[in-house]
Amino acid sequence: DLTVDTVNPGAEISPMLYGAFFEEINHAGDGGLYAELISNRSFEDNPDTLFHWWVEETGGSTGKLSLSDSGLLNEVQTRAMAITVTAAAEGGAVSAVNNGYWGIAVTEGASYRLNFYARPEPGEELPLRITLESADGKQIYAEQVVSVLKEGWNQYSYTLISSGTAANARIVFSASRAGTLYLDMVSLFPETWKGRENGLRIDLAGKVAAMKPSFVRFPGGCFVEGKTPLDAYRWKTTIGPVESRPGHSAYWNYRSSDGLGFHEYLQWAEDLQAEPLYVAYIGISHDGDPIAKANTVPLAEIQPWIQDVLDAIEYANGPVTGEWGALRAANGHPEPFQLKYVEIGNENNFQLSEYAQRYGLFYQAIKDKYPDMNIIANTALEGEPIEIIDEHYYESAEWFMNNANRYDTYDRSGPGIYVGEYAVTKGAGEGNLNAAIGEAAFMVGMERNSDIVKMSSYAPLFVNAKDRTWNPDAIVFDSASSYGTPSYHVQQLFGSNKGDVVLPAVLTAAGSADAAVKQSIQGAIGLGSWSTQVEYSDVRVAKGDEVLFEDDFSADSGGWTVKSGSWEQSEGTFRQSSSDIDVRAVAGDASWSDYTLTLRARKTGG
Ligand code: AHR
């Protein structure tokens, strides 16, 4: 029985309650949401090896691929790829092949934007042929020929229309004449979400949009911090033309191209009509003490990082007459992005003493310049101004269910709560229904307490099935397809059905220990006295709740009593302790053999 009080509403539900957490983990961005189809497109992934590219010699021609570090495209690029034909045979070629992120997905009739920079060795007249092909090279889906490469570095842009559909196509750059040519920033994009240049993969962005997130947190996660300051997130190197973004070695064991950069995150949030939430690096690397100590930017050198956050805000919000606002305009967005949420550090409560020394410095600098900025802290800190605390939970389904009442008792005069990362990870495999139900129970608790729980985001959002670094995740994909785990569907359900206000409700529900009781009694029952054991493992009560136990036989027996033994009441789960349930016949038919007994635990008064 459900009783809903529609007359005296409870807390208003925060309009920011359900958001999305994005981190470059599991190839969520590169090889995922960021729609680029070529991996290691600017040959920076490894200074010594041509990752993801290989050579093929056909028709009697011979040659090689190599990494070149001279005559580069610009000052940011440290490598280009050289294709050298040492012996050219009639009809033969030396080719550089790339199959993207575990296969390039192409669809018949769809168009693909190809961009690359090429340079021939001075004085050489070299043609280049580009083909989109099946994995075995037997089918050509699209072809483009450059009859002669122009002198020096030039950008070449074409639209390829695929004549076939495949999840694992490859792109091939073939040189047929003897000589050497150089390639850099080789890019192939399908149509993107909302048609944005340098944009997002349609199915994946669409799944996030269906969650109707009220905010997007970016860019992490540990990705913000890196393992050392060298691979921390530096937003300034992630904006502007993609060929001038160096990319960086990142926390989750692969290099980030940063094609999905600070500007693209802000644009994505805007396109979702969601608030952007930027998590800033504060000079603390992720891996805990004592490693992090060695990998921490000394406090005396922290000022540039404080300035870095201020510049990030200025880039997002500042006038076009200012340095950073002008750059935003030059990058195609003169209007401010209206960044209103900044988090100081990610999970730096793991390095509490360092965090305590830094938080106030960042907080004050931001507030001095942007008094309206909502600032999120990683934890509560004595004596510091704390507006919202980011809590992270990766636990079992049972933990989440048992914590559905967690926020009932939080101090209402304390800071707001942002449950910034949470997911059932224990016993959840790659995602399952039990995990989703655990999260849903917890979310009901957050929603009921939304006067204090202002924001939340399930994490992580994405996993490429070929790089399952972290399980489970909300959205699973490969090169061509994607699906939501049960947890995704819970997020989508809650996000797209968020209420305005909590209506106090009292649920009188049956415990689901019925099945266990039936099993142990059926067939054994007769006149007399029996014992059975039952655990009401899913009857959740809070301290002080009153619980009634009732019996209910499938036939009207006349007079039976079910006597409970000693019950142990604790916060969370209600369990029978050691004693049996005593089922006693006080009247009735001596030949009973197949009646069933249902025990109900009824919570009253709360
Ligand atoms: O969500 C995965 C990771 O969990 C995040 O990078 C980090 O913040 C947390 O430890």
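Since the model is a prediction, treat every value here as computed from it, not as a measurement.

Engineer: What am I meant to see in the overall build of the protein chain here?
Structural biologist: Helices and strands together make up the secondary structure of the protein chain, namely 11 helices and 35 strands. Across the 606 residues in the protein chain, those meeting the buried criterion constitute 42%.

Engineer: Explain the packing of helix 5 (residues 303-317) against helix 7 (residues 352-369) to me, please; I cannot follow it from the model alone.
Structural biologist: Geometry of a packed helix pair, given as the angle between the helix axes and the separation of the axes. Taken N-terminus to C-terminus, the directions of helix 5 and helix 7 make an angle of 35 degrees; their axes are 10 Å apart at the nearest point. At the point where helix 5 passes helix 7, the crossing takes the right-handed sense. Residues Ile 306, Val 309 and Leu 310 of helix 5 lie in contact with helix 7, whose contacting residues are Leu 361, Phe 362, Ala 365, Ile 366 and Lys 369. Across the contact of helix 5 with helix 7, the residue classes break down as 7 nonpolar, no polar and 1 charged.

Engineer: For this particular structure, what's the right way to read the site of the ligand?
Structural biologist: Residues in close proximity to the ligand include Glu 23, Ile 25, Gly 220, Gly 221, Cys 222, Asn 346, Glu 347, Glu 421, Ala 459, Pro 460 and Trp 470, which together make up its full environment. Class assignment for the residues of the shell around the ligand results in 5 nonpolar, 3 polar and 3 charged.

Engineer: Even after reading the chapter, I still don't get the pairing of strand 13 (residues 179-189), so can you show me in this structure?
Structural biologist: In summary, the side chains of a regular strand alternate between the two faces of the sheet. Burial analysis of strand 13 places 9 of its 11 residues in the buried class, the great majority of the element. Bridge analysis of strand 5 (residues 80-87) against strand 13 gives 5 bridges, and the strand direction is antiparallel. Note on strand 13: the bridge partner recorded for Ile 83 is Leu 181. The pairing of strand 8 (residues 111-120) with strand 13 spans 7 bridges and is antiparallel. Paired with Arg 113 across the bridge in strand 13 is Phe 189.

Engineer: Explanation requested: the environment of Ala 89 in the structure shown.
Structural biologist: One can find Ala 89 in the loop between strand 5 and strand 6 (93-98). Sequence separation between Ala 89 and Arg 177 is 88 residues, and the spatial gap between their C-alpha atoms is 8.3 Å. For Ala 89, the residues in contact, after removing those within four places along its chain, are Gly 59, Gly 60 and Ser 61.

Engineer: Teacher, can you tell me more about the sheet that holds strand 14 (residues 215-218) here?
Structural biologist: Sheet strands associate in pairs through backbone hydrogen bonding, adopting either a parallel or an antiparallel arrangement. In space, the 8 strands of this open sheet follow the order 2-14-17-18-19-20-21-22, with parallel pairing throughout. Looking at the sheet topology across the chains shown, the edges are occupied by strand 2 (20-21) and strand 22 (453-458). The pairing of strand 21 (residues 416-426) with strand 22 spans 4 bridges and is classified as parallel. By the bridge assignment, Tyr 422 is partnered in strand 22 with Tyr 458.

Engineer: For this particular structure, what's the right way to read the environment of Ala 474?
Structural biologist: Locating Ala 474 in the fold gives a position in the loop between strand 23 (462-464) and strand 24 (475-477). When neighbours within four sequence positions are excluded, Ala 474 is seen to be in contact with Tyr 458, Leu 461, Gly 484, Thr 485, Ser 487, Tyr 488 and Gln 491.

Engineer: Which parts of the structure should I look at to understand helix 10 (residues 486-495)?
Structural biologist: Residues spaced three or four apart along an α-helix point in a common direction, a consequence of the helix completing one turn every 3.6 residues. Most of helix 10 sits inside the fold, with 8 of its 10 residues counted as buried. When helix 10 is considered as a whole, its buried residues turn out to be Pro 486, Ser 487, Tyr 488, Val 490, Gln 491, Gln 492, Phe 494 and Gly 495. Buried positions along helix 10 lie against helix 1 (202-210), strand 21, helix 9 (433-448), strand 22, strand 24 and strand 25 (482-484).

Engineer: Sorry, what's going on with the sheet that holds strand 24 here?
Structural biologist: If you walk across this open sheet you meet the 3 strands as 23-24-25, and the pairing is mixed. Strands with a single pairing partner mark the edges of an open sheet, and in this sheet they are strand 23 and strand 25. Strand-to-strand twist in this sheet, taken as the mean axis angle between neighbours without regard to direction, amounts to 20 degrees. The pairing of strand 23 with strand 24 spans 3 bridges and is classified as parallel. Within strand 24, the position partnered with Asn 464 by the bridge is Phe 477. Against the sheet, helix 1 touches strand 23, strand 24 and strand 25, its axis set at about 15 degrees to strand 25.

Engineer: Can you walk me through the environment of Pro 127 in this structure?
Structural biologist: Within the element layout of this structure, Pro 127 appears in the loop between strand 8 and strand 9 (128-133). Pro 127 sits 47 residues away from Ser 174 along the chain, and the two C-alpha atoms are 8.7 Å apart. Setting aside anything within four residues of it in sequence, one finds Pro 127 in contact with Val 145, Val 146, Ser 147, Val 148, Ser 176 and Arg 177.

Engineer: I tried to follow unusual backbone geometry on my own but got confused; where do I start?
Structural biologist: Note on backbone geometry: most residues besides glycine have negative phi, and most peptide bonds are trans. The step from Phe 218 to Pro 219 runs through a cis peptide bond, and the omega angle for that step is -5 degrees. Note that the residue after Ala 459, namely Pro 460, is joined by a cis bond; omega there is -15 degrees. Relative to the helices and strands, Pro 460 resides in the loop between strand 22 and strand 23. Positive phi values are uncommon outside glycine, yet Asn 40 reaches one of about 50 degrees. You will see that Lys 212, though not glycine, has its phi angle at about 50 degrees, which is positive. Structurally, Lys 212 is set in the loop between helix 1 and strand 14. Exposure remark for Lys 212: the 19 C-beta atoms within 10 Å place this residue in the partly exposed category.

Engineer: Whenever I open this one, the pairing of strand 6 confuses me. Can you help?
Structural biologist: Of all 6 residues in strand 6, 5 are buried; the element is thus mostly enclosed. Inspection of the sheet shows strand 6 paired to strand 12 (residues 166-175) by 5 bridges, in the antiparallel sense. Bridge pairing in strand 12 places Val 97 opposite Val 172.

Engineer: Looking at this model, I keep getting lost on helix 6 (residues 323-330). Mind explaining?
Structural biologist: For helix 6, the set of buried residues is Trp 324, Gly 325 and Arg 328. Projection of helix 6 onto a plane perpendicular to its axis shows the buried side chains occupying an angular sector of 100 degrees, all on one side. Opposite the packed face of helix 6, turned more than 90 degrees from it, sit the exposed residues Glu 323 and Ala 330. Contacts made by the buried residues of helix 6 are with helix 5. Downstream of helix 6 by one or two residues, Gly 332 has phi in the positive range, about 100 degrees.

Engineer: Whenever I open this one, the packing of helix 5 against helix 6 confuses me. Can you help?
Structural biologist: As a packed pair, helix 5 and helix 6 sit with axes 7 Å apart at the nearest point and diverge in direction by 50 degrees. The angle between helix 5 and helix 6 falls in the class oblique. Crossing geometry of helix 5 relative to helix 6 is assigned as right-handed. For the pair helix 5 and helix 6, the contacting residues are Asp 311, Glu 314 and Tyr 315 in the first and Trp 324, Gly 325, Leu 327 and Arg 328 in the second. The residue makeup of the contact of helix 5 with helix 6, split by class, is 3 nonpolar, 1 polar and 3 charged.

Engineer: What exactly am I supposed to notice about the confidence of the model for the protein chain here?
Structural biologist: It should be kept in mind that the predicted coordinates are not to be read in detail where pLDDT is low. In the predicted model, the protein chain carries a mean pLDDT of 87, and 83% of its residues have values of at least 70. Note on residues 511-606: pLDDT under 50 across the span, and 143 contacts to partners over four residues away in sequence or across chains.

Engineer: I keep staring at the nonpolar core and nothing clicks. Help me out?
Structural biologist: Note on soluble globular proteins: their nonpolar side chains tend to be buried together. One finds Met 81, Ile 83, Leu 183 and Val 216 to be the most contacted residues of the largest nonpolar core, which totals 139 residues. Taken together, domain 1 (9-30 + 193-506) and domain 2 (53-189) each give at least three residues to this core, which thus spans both. The contacts of Leu 183, once residues within four sequence positions are left out, are Ala 80, Met 81, Ile 83, Phe 116, Tyr 117, Ala 118 and Phe 173.

Each value, and the rule that gives it
- Residues numbered from 1 in each chain as written.
- Predicted model: local features only at pLDDT ≥ 70, side-chain atom pairs only at ≥ 80, totals over all residues.
- Helix = DSSP H or I, 4+ residues; strand = E, 2+ residues; numbered from the N terminus.
- Buried ≥ 20, exposed ≤ 12 C-beta atoms within 10 Å, placed from the backbone.
- Axes fitted to C-alpha atoms, helices over the stretch in contact; angles between N-to-C directions.
- Left-handed = near helix turned anticlockwise from the far one by under 90°.
- Contact = placed C-beta atoms within 7 Å.
- Nonpolar A, V, L, I, M, F, W, Y, C, P; charged D, E, K, R; others polar.
- Near = placed C-beta within 6 Å.
- Pairing = 2+ DSSP bridges.
- Arc of directions from axis to C-beta.
- Parallel < 35°, antiparallel > 145°, perpendicular 65-115°, else oblique.
- pLDDT = per-residue confidence, 0-100.
- Core = buried A, V, L, I, M, F, W, Y, C linked by C-beta atoms within 7 Å.
- Domains from an automatic or database assignment.

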